[in-house]
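The chain contents come next:
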Amino acid sequence: MTVYLVGAGPGDPGLLTARALELIAGADVIVHDRLIPVTALDGAPPEAECYYVGKEGGGPSVTQEEIGGLLLEHGAAGRRVVRLKGGDPFVFGRGGEEAELLREAGIPFEVVPGVTAAVAASAYAGIPVTHRDAASAVAFVTGHEDPGKPESALDWESLAAFPGTLAVYMGVARLSAIAARLRAGGRPGSEPAAVIERGTLPGQRVVTGTLETIAQVAAEAGIRAPAISLFGAVASLRAQLAWFESRPLHGRTIAVTRARAQASGLAARLRELGAEVLEAPAIRIRALEGDLPAALDRYDLICLTSPNGVACLFDRLTAAGLDARALHGARVAAIGPGTARALAQRGILADVVPERFVAEGLVEALAGTEISRALVARAAEARDVLPDALREHGAEVDVLALYETVSEPLSDAQRRALAGADYVTFTSSSTVRFFFEQAAGALAPGTRLASIGPVTSATLRELGHEPALEAERHDIDGLIGAIVADAAGGSAPG
Ligand code: SAH
């Protein structure tokens, strides 16, 4: 088996390569650094052994020898080892040394390049590292060494004479000495410069200035590692080309309280719009034990009220040795497009999908249809509006409780992080109840509560919280639209 030296990119999970994800998914052992995307290990097999060997607070917690030892031990044992590093493994990542070590030990290795920080952070700052009119070359430089020391391996004079963009890694702490050496070497004090902190991440910050001013500007802004410092005419292009900060939810921290299993779609869409997403699931879905009602074919209407209900119903069908054909005799109604999609994925196109997404909508949509016997398959704790309305409609109604919603505990770290949330999203009454049971004091006073619809809003008000916004369309798209509109309407990023 092989040891893979894999680049994880600069931080944005979208910049992990397809090859990196594939290798992570098949790894026996993962040895990773600190600066890898937060989601990088989500696809790792649960049984994979993970070793964190990053540096916390400056000092190495695991020495390079120990890291090498891990690679040799697991590599020699024939495991699939993924050595995951921030950015590119061969750019200031000591990947070269690790490859040499493996080569000497006769352990096969492969290298998977990653998007390196200088290129990625610059791109996300709206700065092309080369440009036809502004720079025909780019140099990657380490700022790790003290440029004031005579024994510095870097020839700063030659670097100052370099005809192009200088991208300095690991240099923020020594920015003022670096700028001074470059000026002493002949680069003009008026040359544009930029420093990009946490490039490609939601908290990316960029400061710009000139070779003369940049150290002070960065110090005043409190810029810290990880950051890339750029020197060269291209840095001035940011004034026109900055795009990252102009996304509609840039600078907003948004908490998602949905159950973990359902949260990913909403979280991904919010991230795409520039938000920093705080996953704070307040609830979890627990399937209830039980059988299917006998003779499903006596129903002329089967109502599903959520994607969870669809999943649980099909689990029960499968357990009973049945499939979608068991529902063939009935009309199938889906509350909301998500439920309809979940049915469609299992081969059933809902006959009725009410335009309004609350239970009342279904009754409206059924007006004019005769229903004699209906099955409502749903959560244990759901409201009785739908069965009651169907009964009023003349139907005999059975309710099948498929799952219940239970509280998901929030960690102390999640609770602390919630203090920085600009918005908290609520997609159901149960997220509201379980969230406030645990997080009542955790939110800052200005946090805006975003509700998916009137039922959820009513639950918020019942608990004494006025929603700042309510979606017009009671689905995820509607909720996102309402937040974007609210953010554009001038509530300043916190
Ligand atoms: N192998 C990595 C570099 C490792 S050295 C790569 O190819 O990118 C660590 C340095 O990389 C940090 O001190 C910082 O200068 C830079 N860096 C890493 N991630 C960064 C990010 N998201 N934004 C800005 N700089 C980053």
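Whatever comes next refers back to the structure up there.
Residues numbered from 1 in each chain as written. Predicted model: local features only at pLDDT ≥ 70, side-chain atom pairs only at ≥ 80, totals over all residues. Heavy atoms only, no water.

Enquirer: How should the overall build of the protein be read in this particular structure?
Expert: Tallying secondary structure elements over the protein gives 17 helices and 20 strands in all. In terms of principal-axis extent, the alpha carbons of the protein reach across some 90 × 55 × 45 Å. Expressed as a percentage of its 494 residues, the buried residues of the protein come to 48%. Partitioning the contacts of the protein with sequence separation of at least 6, the portion at a separation of at least 24 is 67%. Of the roughly 22,700 Å² of accessible surface on the protein, a fraction of 52% belongs to carbon and sulfur atoms. Across the protein, 44 positive and 60 negative side-chain charges occur, with their mean positions spaced 2 Å apart. (Helix = DSSP H or I, 4+ residues; strand = E, 2+ residues; numbered from the N terminus. Buried < 20%, exposed > 50% of the residue type's maximum accessible area, 1.4 Å probe, protein only. Contact = heavy atoms within 4.5 Å. Areas by Shrake-Rupley, 256 points an atom, 1.4 Å probe, with all protein chains shown as cover. Lys, Arg positive; Asp, Glu negative; His and termini not counted. Charge placed at Lys NZ, Arg CZ, Asp CG, Glu CD.)

Enquirer: Honestly, the sheet that holds strand β13 (residues 283-287) in this entry has me stumped. Any pointers?
Expert: Note on sheets: strands pair through backbone hydrogen bonds, and any given pair is parallel or antiparallel. Reading across the sheet, the five strands line up as β13-β17-β16-β14-β15 and stay open at both edges, with mixed pairing between neighbours. Among the strands making up the open sheet, the edge pair consists of β13 and β15 (331-334). Averaged over all pairs of adjacent strands, the angle between strand axes in this sheet comes to 20°, irrespective of strand direction. Here strand β14 (residues 301-304) pairs with strand β16 (residues 373-379) via four bridges, running parallel. In the sheet register, L304 faces β16, and the bridge partner there is A377. (Pairing = 2+ DSSP bridges. Axes fitted to C-alpha atoms, helices over the stretch in contact; angles between N-to-C directions.)

Enquirer: Hey, could you run me through the site of the ligand in this one?
Expert: As a structural note, the neighbourhood of the ligand is formed by 17 residues, with D88, V91, T116, G199 and A227 the closest of them. At 2.8 Å, a backbone N or O of M170 approaches an oxygen atom of the ligand. For the ligand, the protein covers 90% of the area, taking 550 Å² as the surface of the free molecule. For the shell around the ligand, the class distribution of residues is eleven nonpolar, four polar and two charged. (Near = heavy atom within 4 Å. Polar contact = N/O pair within 3.5 Å; in protein donor to acceptor, adjacent residues only side chain to side chain. Nonpolar A, V, L, I, M, F, W, Y, C, P; charged D, E, K, R; others polar.)

Enquirer: Is there a simple way to explain the pattern of salt bridges in this structure?
Expert: It is possible for side chains bearing opposite charge to pair when their charged atoms get close. Within the structure shown, the criterion is met by 22 salt bridges. The partner of R19 in a salt bridge is E22, and the shortest N-O contact between them spans 2.5 Å. Of the two residues, R19 and E22 both sit in helix α1 (residues 18-25), three residues apart, roughly one turn of that helix. Looking at R19, the relative accessible area reads 33%, which means it is partly exposed. Note that E98 and R83 form a salt bridge whose closest N and O atoms lie 2.9 Å from each other. Highlighted residues: E98 in helix α3 (residues 95-105) and R83 in strand β4 (residues 81-85), separated in sequence by 15 residues. Taken individually, E98 and R83 each receive the classification buried, so the pair is uniform in this respect. Put simply, D33, R83, K85 and E98 are held in one network by salt bridges that share partners. (Salt bridge = Lys/Arg side-chain N within 4 Å of Asp/Glu carboxyl O.)

Enquirer: Even after reading the chapter, I still don't get the sheet that holds strand β5 (residues 109-112), so can you show me in this structure?
Expert: One open sheet holds the five strands; their spatial order is β3-β2-β4-β1-β5, and the pairing between them is parallel. Every other strand in the sheet has two partners, leaving β3 (49-52) and β5 as the edge strands with one partner each. Here the average twist between neighbouring strands, direction ignored, is 15°. Pairing between strand β2 (residues 29-32) and β4: four bridges, direction parallel.

Enquirer: Whenever I open this one, helix α15 (residues 429-439) confuses me. Can you help?
Expert: Since one α-helical turn is 3.6 residues long, residues separated by three or four positions face the same way. Most of α15 sits out of view: nine of its eleven residues are buried. For α15, the complete set of buried residues consists of S429, S430, T431, V432, F434, F435, F436, Q438 and A439.

Enquirer: I would appreciate a short explanation of the nonpolar core in the present structure.
Expert: Taken as a class, soluble globular proteins show a tendency for nonpolar side chains to be buried jointly. In terms of nonpolar packing, the biggest core is built from 25 residues, with L296, I302, L304 and L343 touching the most fellow members. Looking at this core, the elements that each hand over two or more residues are β14, α10 (307-319), β15, α11 (337-345), β16 and β17 (396-407). Sort the elements by how many residues they give to this core and α10 lands first, with five residues. Sequence-distant contacts of L343, that is, excluding residues within four places in its chain, are made with L304, V310, F314, V332, A334, I348 and A350. Core analysis: the second largest hydrophobic core is formed by 22 residues, L182, V195, V207 and L211 among them. (Core = buried A, V, L, I, M, F, W, Y, C linked by side-chain atoms within 4.5 Å.)

Enquirer: Before we go on, may I ask you to explain the pairing of strand β7 (residues 165-169) in this structure?
Expert: Within a regular strand, the side chains alternate between the two sheet faces. Here β7 lies mainly inside the structure; five of its five residues are buried. Because side chains alternate across β7, one face comprises the buried residues T165, A167 and Y169, and the other comprises L166 and V168, equally buried. Pairing between strand β6 (residues 138-142) and β7: five bridges, direction parallel. Bridge pairing links V141 to V168 in β7. Relative to strand β10 (residues 227-231), β7 runs antiparallel, the two being bridged by four bridges.

Enquirer: Which parts of the structure should I look at to understand the packing of aromatic side chains?
Expert: The relation between two aromatic rings is expressed through the spacing of the ring centres and the mutual angle of the planes. The tally for this structure, following the rule as stated, stands at eight aromatic pairs. Between F92 and Y169, the ring centres sit 4.9 Å apart and the planes meet at 65°, which makes this aromatic pair edge-to-face. With F92 in the loop between β4 and α3 and Y169 in strand β7, this pair connects stretches of sequence that are 77 residues apart. Classification of Y169 by relative accessible area gives buried; the value is 8%. Feature note: the residues F92, F140 and Y169 constitute an aromatic cluster, connected by ring pairs. (Phe/Tyr/Trp six-rings, centres within 6.5 Å; stacked < 30°, edge-to-face > 60°.)

Enquirer: Got a minute to help me understand helix α2 (residues 64-76) in this structure?
Expert: Taking 1.5 Å per residue, 13 residues should reach 18 Å; α2 reaches 18 Å between its end C-alpha atoms and fits that length. Taken as a whole, α2 has its buried residues at Q64, I67, G68, L70, L71, H74 and G75. Projected onto a plane normal to the axis of α2, the buried residues spread over an arc of 155° and lie on a single side. Within α2, the exposed residues directed more than 90 degrees away from the buried face are E65 and A76. (Expected span 1.5 Å × (residues − 1). Arc of directions from axis to C-beta.)

Enquirer: Is there a simple way to explain unusual backbone geometry in this structure?
Expert: Backbone geometry follows two general trends: most residues other than glycine have a negative phi, and most peptide bonds adopt the trans configuration. Residue P226 is bonded to the preceding A225 through a cis peptide linkage, with omega at -5°. Following the sequence through the fold, P226 ends up in the loop between α7 (214-221) and β10. Here F92, not a glycine, exhibits a phi torsion of approximately 50°, which is positive. You can call F92 partly exposed: its relative accessible area is 38%. The phi dihedral of R198 is positive, around 50°, even though this residue is not glycine. Considering the arrangement of structural elements, one finds R198 in the loop between β8 (192-197) and β9 (205-210).

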